[in-house]
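Observations on the three-dimensional arrangement
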Amino acid sequence: MTLLLIVLLPLVGSLVPIASARSGRTTCAWLTAILPAIALGIAAWYTPAVFGGQLPQVSLDWVPALGLDIAFRLDGLSLLFVYLVLGIGLLIILYARYYLSEKDSMSRFYAYLMLFMTAMLGIVTADNLLLMWFFWELTSLSSFLLIGYWSHLSEARKGARMALTVTGAGGLCLLAGILLMGHVVGSYSLTTVLEHRELIQQSSLYQPILLLFLLGAFTKSAQFPFQFWLPHAMAAPTPVSAYLHSATMVKAGVFLLARMYPVLSGTDEWFYIVTLTGLATLLYGAFFALIKQDLKGVLAFSTISHLGLITLLFGFNSKLAAVAGVFHIINHATFKASLFMAAGIVDHECGTRDIRKLNGLWRYMPYTTVLAAVASASMAGVPLLNGFLSKEMFLAQSLEAQMLGGLSWMIPALATLGSVLSVAYSLRFIHDVFFNGEPRDLPKTPHEPPRYMRLPIEILILLCIMVGILPGIMVEPILRAATAAVVPGQAPEIHLALWHGFNLPLMMSAIALSAGVLVYLLRNHIYRFHRQFRAVNARQSFEFSVQRVVRSAQWGLDRFENGSLQRYMFLLLLSAVIVAAFGLMDVPSMAGLKSLQPLDPVVVTGAGILCLAGLGTVMLHRRRLLSLLFLSVVGMFVSLTFARFSAPDLALTQLAVEVVTIILLMLALFFLPQKTPKESSGRRVSRDILLSMIFGGVIASLNYAVLTRPLQSISTYFIENSVPGGGGHNIVNVILVDFRGFDTLGEITVLGIAGIAIYKLLNRLRLFMPSSDMEGRPWSPDRYPVILSSVSQTLLPLALLVSVFIFLRGHNLPGGGFIAGLVAAVVIILVYMSRGVEWTQRRMSFNYQPIAVTGVAIAALTGLGSWVFNKPFLTSSFGHFDIPLIGDIELATAMMFDLGVYLTVVGSTLMILANLGKVTTPHRPSKEKQ
Amino acid sequence: MEALYATVTGILTACGIYLTLRGRTFPVVVGLTLLSYAVNLFLFSMGGITTGHTTIVDSGQPYADPLPQALVLTAIVIGFAMTAFVVILAMRTRGDLGSDSVDGQRTDEPREERK
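Counting restarts for each chain: residues are numbered from 1 in the order of the written sequence. A letter from A marks each chain and a number from 1 marks each ligand, given out in the order of writing. At least 70 in pLDDT is required for a residue's local features to be given in this predicted model, at least 80 for side-chain atom pairs to be given and counted, and no such filter applies to totals for whole chains, interfaces and linings, which use all residues. Derived side-chain values reflect all non-hydrogen atoms in the structure, with water molecules and hydrogen atoms excluded from consideration.

Take the overall build of chain B next. Along its length, chain B carries three helices and zero strands. In this scheme, a residue with accessible area under 20% of its type's maximum is buried, one over 50% is exposed, and one in between is partly exposed, where area comes from a 1.4 Å probe on protein chains only. With 115 residues in all, chain B has 64% of them scored as buried. Partitioning the contacts of chain B with sequence separation of at least 6, the portion at a separation of at least 24 is 44%. Areas reported as accessible are Shrake-Rupley estimates using a 1.4 Å probe. Residue values count occlusion only from the protein chains shown. As displayed, chain B offers around 3900 Å² of accessible surface, 58% of which is attributable to carbon and sulfur atoms. Helix numbering and strand numbering both begin at the N terminus, where a helix is a DSSP run of H or I of at least 4 residues and a strand a DSSP run of E of at least 2. We call two residues in contact when some of their heavy atoms are within 4.5 Å.

Written out as structure tokens, the structure reads:
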């Protein structure tokens, strides 16, 4: 469990700077550093165990159904990276304290940094591929925030966006790769995946998996041809560059190579893709590092070059090469972080990063000069420094690579060329900036930086020297542990030493050093050569292609989404009918085997009226009131249809809903135009008629096909269990309130929400009031018809009684909460209509919203109640009670639930209708006003 | 009987579809209502169309399929809620935009100027 803290503490730590923003800059920095320091302590505590070959693991279920666990592991490779991420992270926190100016929000910077640190730690310690991917994307997002930290600069915003696009796209590739791998292995657990090398490599999906993983790694690690985002990410504050481009962000890619090395490497595909990409990146980066005039640009390209080197080492398919790769990860992180920090000091104290202006700084900052010189020497591979050791290993390994056949000699040759260029640009970084004449037009007079700004560099440089001189003591244990995680099986013999005797790699190193000096001296020729080429601005072409994609997406979208609902409806219905028609085409014959029922005259007449009323509704749809009357006939006959075909519950519900619907539509029609203008073209009308006829035909055929086939229903269960399980004889009602009570709960919630939404929609509605009906006659001044009002008043108590009766018997006979609620609503509406809103409101002064809400709450609480008795949600129970006078009564908790349904229906229906009625009232002409 | 039932469902569907394709809000609402009748009839018939059956236990008659009935019952009520919402939305659109066109265009302003 302690293992979780390594990731968790920095995550919590991202809140610390925000909380301590007001406590001063130094305090803020110190407080921020506490939690990662503790995490580092925990890592140190685990170190002996990891060195001893143990594998601390922790695993919590997150989404087990997806195979996603919160699982972490701390093997040697993870431990190495945890040290790098936390150690360099702490130095960056210290450095940033002095780098950021008063204007920059320090708490925001630290919060982003800690978030990023969390993400990196998550990647390196995750023991579940999906979890690792989660953190992988989190690094893309948090690096976006960090690179774009100076969000007022267009460069920073564009650089951040570019980094996010490239690494985010790579992340998606990685996800696809992970999903495929999970499909092959059957688990996303890293521990399991690492055990299935054979399975993965023999799978037909191996090549796609490899490609997708490599795309993820190469985009993150800025490998050719995805290297272009990295130089533009230099728009970030230098502490960010020092962190992201030395120990973290770009190392995530090579970490992935190392992590997946046991299962993905060893094949020809791996060798060719990884080696050639690494080689191309190594040379490309090295060449441009020599050309760039921007101090950070030089470092950016040198980073690309070194990442290429590491990738190349992993590509070699040799165990020792992988060891060299891991070793170079450590070395590069230390010297590159210190170089970036040194560049940041120069930028900070001189106000520019232009190498053409920066000259002879050693006079002004001798101490920084020494530090930068040592770091550069390490980068160049000068003996006694750590860079030398891994470079020697690299050169030695390049000699071993034999996969290119007769052309294999090219690999060591090109590797030496890369080293030559590396020496040249390292020399340039030192000589051009700190020596070579006097500074020219610097915005500031340079001087040494504050003491503590140098401290992080000093620590790193010390490490570089110590590792360079005493590699056996300093890095061998951790390298051995990390190697054990990368190289499966028999660990190769690691023997780190300064002196291996005179051999070919040493020769190559010597050639690289001397030729590097020569190349540096001849640099002006290279500049001149380079100037012939037209400068390609990666950012411009990137922005251009992004805009082109956006434009074409917009174009495509506009074709579909033109703002016309009619068009959407048409397309939607057309696709629906096509899908349904295809399904029908597979059926050999429309009519099934079931014998047909005979027709009877009543049904034929009813069907005739139903169809005519439906057609009438359509024919007269321009005259809206008439159309509405026909619609009510349709509803009426649908209700009769239900009654005819053994569904009394449905018939009752339909009848009540019909009344309410028609009242509602009539009220609404009052505010809408009474006629529909003729505006559709003939073509559109015939197109619509055709579509609706086809649709009707398809539905009718489908319906017929179903009706004439034997029925297999799952309802036997409901019929058998209705009384013993639900305690009710009316199966429909028992299904509603018991078997499928959760459904019903959802539905009454929707009903309640619709009521509340309507209430809000009617709020402050501006209306167009007609003063006369569609024939131009003024509205009747007769305010409330006397007969109707007296009848309705008499009817009210009776109808409410009926409603209660229907409700009570609903569990055993046709009826129930829905129907009873609708009956109650209808009769109250009748009173509203006959006596007017004001009269009714005076006598029934309550709001309907609380009723509807109470209804939903009662139903939900009834469901929750079963939890008290340790039963699943909405389990019902029932019992028989003997009440004097009334007799044997059966009470079920389902009754409570049904009460909730009842109240919701009454509340929502009245909320809709009464509120709509209220809107009309002030506008009604009346006798009093005339 | 089955053929007649299917025909009625089909005709109601066609009527509903035609009206939902109109360009003004009120006919669309009426069309949706018609369509929901058709859909309810269709769903209801998935349990077979039976005469003289029942869904009450121990009433001595053969059972009709209660499941489609329960589903359609809630569908009817939800259908009402949706019709109500859509028609009030139509009123609100007319109130705010001065038009009852389904595309929500202002009467006085062609669509192109909206951008």
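On we go from here.
The next subject is the overall build of chain A. For chain A, the helix and strand inventory stands at 38 helices and four strands. Considering chain A as a whole, with its 930 residues, one finds that 54% of them fall into the buried category. Pairs at least 24 apart in sequence give 78% of the contacts found in chain A among residues at least 6 apart. Entry remark: accessible area of chain A is about 39900 Å², with carbon and sulfur atoms responsible for 68%.

Turning to the pattern of salt bridges, a few remarks are in order. All names here are of chain A. Salt bridge criterion: a side-chain nitrogen from Lys or Arg within 4 Å of a carboxyl oxygen from Asp or Glu. For the structure on display, the rule yields 22 salt bridges over all chains. Across the salt bridge formed by Arg356 and Asp354, the nearest N and O atoms sit 3.2 Å from each other. Because the salt bridges share partners, they merge into one network encompassing Arg73, Asp75, Asp127 and Arg259.

Moving on: the packing of aromatic side chains. The geometry of an aromatic ring pair is captured by the separation of the ring centres together with the interplanar angle, meaning the angle of the planes. In this scheme Phe, Tyr and Trp rings, the latter by its six-membered ring, pair at centre separations within 6.5 Å, and the angle between planes marks the pair as stacked below 30 degrees, edge-to-face above 60, and tilted otherwise. This structure, assessed with the given rule, holds 28 aromatic pairs over all chains. Relative to A:Phe255, the ring of A:Phe81 has its centre 4.9 Å away and its plane inclined at 75 degrees; by these criteria the two rings are edge-to-face. One end of the pair, A:Phe81, is in helix α4 (residues 76-99); the other, A:Phe255, is in helix α13 (residues 249-264), with 174 residues separating them in the sequence. A single burial state applies to A:Phe81 and to A:Phe255, both of which are buried. Both rings, one in A:Phe718 and one in A:Phe739, keep their centres 5.0 Å apart while their planes meet at 50 degrees; by these two values the pair is tilted. One end of the pair, A:Phe718, is in helix α31 (residues 715-726); the other, A:Phe739, is in helix α32 (residues 731-739), with 21 residues separating them in the sequence. Note on A:Phe739: relative accessible area 25%, which makes it partly exposed. Here, a charge over a ring is recorded when the distance from Lys NZ or Arg CZ to the ring centre is within 6 Å and its angle to the ring normal is within 35 degrees. A cation over a ring is seen here: A:Lys220 above A:Trp136, with NZ or CZ 4.9 Å from the ring centre. The ring of B:Tyr18 carries B:Arg22 above its face, with NZ or CZ at 4.2 Å from the centroid.

Below, the discussion takes up helix α20 (residues 451-469) of chain A. Residue and element names in this part refer to chain A. When the terminal C-alpha atoms of α20 are compared, their 27 Å separation across 19 residues agrees well with the 27 Å that a helix rising 1.5 Å per residue should span. Three or more residues of α20 are buried, namely Met453, Arg454, Pro456, Ile457, Glu458, Leu460, Ile461, Cys464, Val467 and Gly468. On the buried face of α20, the contacting elements are α4, α16 (319-350), α17 (366-380), α18 (386-400) and α21 (471-474). Given a helix with a known number of residues, its expected span is that number minus one, times 1.5 Å.

Here we come to the UniProt feature "transmembrane region" (unreviewed entry) in chain B. All names here are of chain B. UniProt positions are given in the numbering used here, feature names are shortened, and annotations may be inferred rather than shown by experiment. According to UniProt, the feature "transmembrane region" (unreviewed entry) maps to residues 6-21, 28-50 and 70-91 in the numbering used here. Across residues 6-21 one finds 94% helix and 0% strand; the C-alpha atoms that close the span lie 23 Å apart. Span residues 70-91 is 100% helix and 0% strand, its end C-alpha atoms 32 Å apart.

Take the buried Ala, Val, Leu, Ile, Met, Phe, Trp, Tyr and Cys residues and link them wherever side-chain atoms come within 4.5 Å; each set so joined is a nonpolar core. In this structure, A:Met181, A:Trp229, A:Leu264, A:Trp270 and A:Phe314 are the most contacted members of the largest nonpolar core, which totals 198 residues. A total of 19 residues in this core trace back to one element, the largest contributor, which is α16(A). Beyond its immediate chain neighbours, meaning those up to four positions away, A:Met181 contacts A:Leu129, A:Gly186, A:Val193, A:Ile200, A:Ile209, A:Phe213, A:Met260, A:Val263 and A:Leu264. If you look at the next biggest cluster of nonpolar residues, it comprises 109 residues, including A:Ile663, A:Ile735, B:Leu12 and B:Leu19.

Turning to the pairing of strand β1 (residues 57-63) of chain A, a few remarks are in order. Consecutive side chains along a regular strand alternate between the two faces of the sheet. Sheet topology note: the β1(A)/strand β2 (residues 68-73) of chain A ladder contains six bridges and is antiparallel. Bridging from a neighbouring strand, A:Ser59 pairs with A:Ala71 of β2(A). Pairing between strands is defined by DSSP: at least two bridges between the two strands are required.

Across the contact, 109 residues belong to chain A and 81 residues belong to chain B. The buried area of a pairing is the accessible area, by a 1.4 Å probe, that goes missing from both parts when the two are put together, added over both. Across the chain A/chain B interface, buried area totals approximately 8800 Å², and carbon plus sulfur atoms make up 75% of it. There are two salt bridges connecting chain A and chain B. For B:Asp100, the salt bridge identified is with A:Arg624, shortest N-O distance 2.9 Å. The leading source of residues in the side of chain A that touches chain B is helix α30 (residues 682-707) of chain A, at 15 residues. Across the side of chain A that touches chain B, the residue classes tally to 67 nonpolar, 30 polar and 12 charged. When residues are grouped by polarity, Ala, Val, Leu, Ile, Met, Phe, Trp, Tyr, Cys and Pro land in nonpolar, Asp, Glu, Lys and Arg in charged, and all others, Gly among them, in polar.

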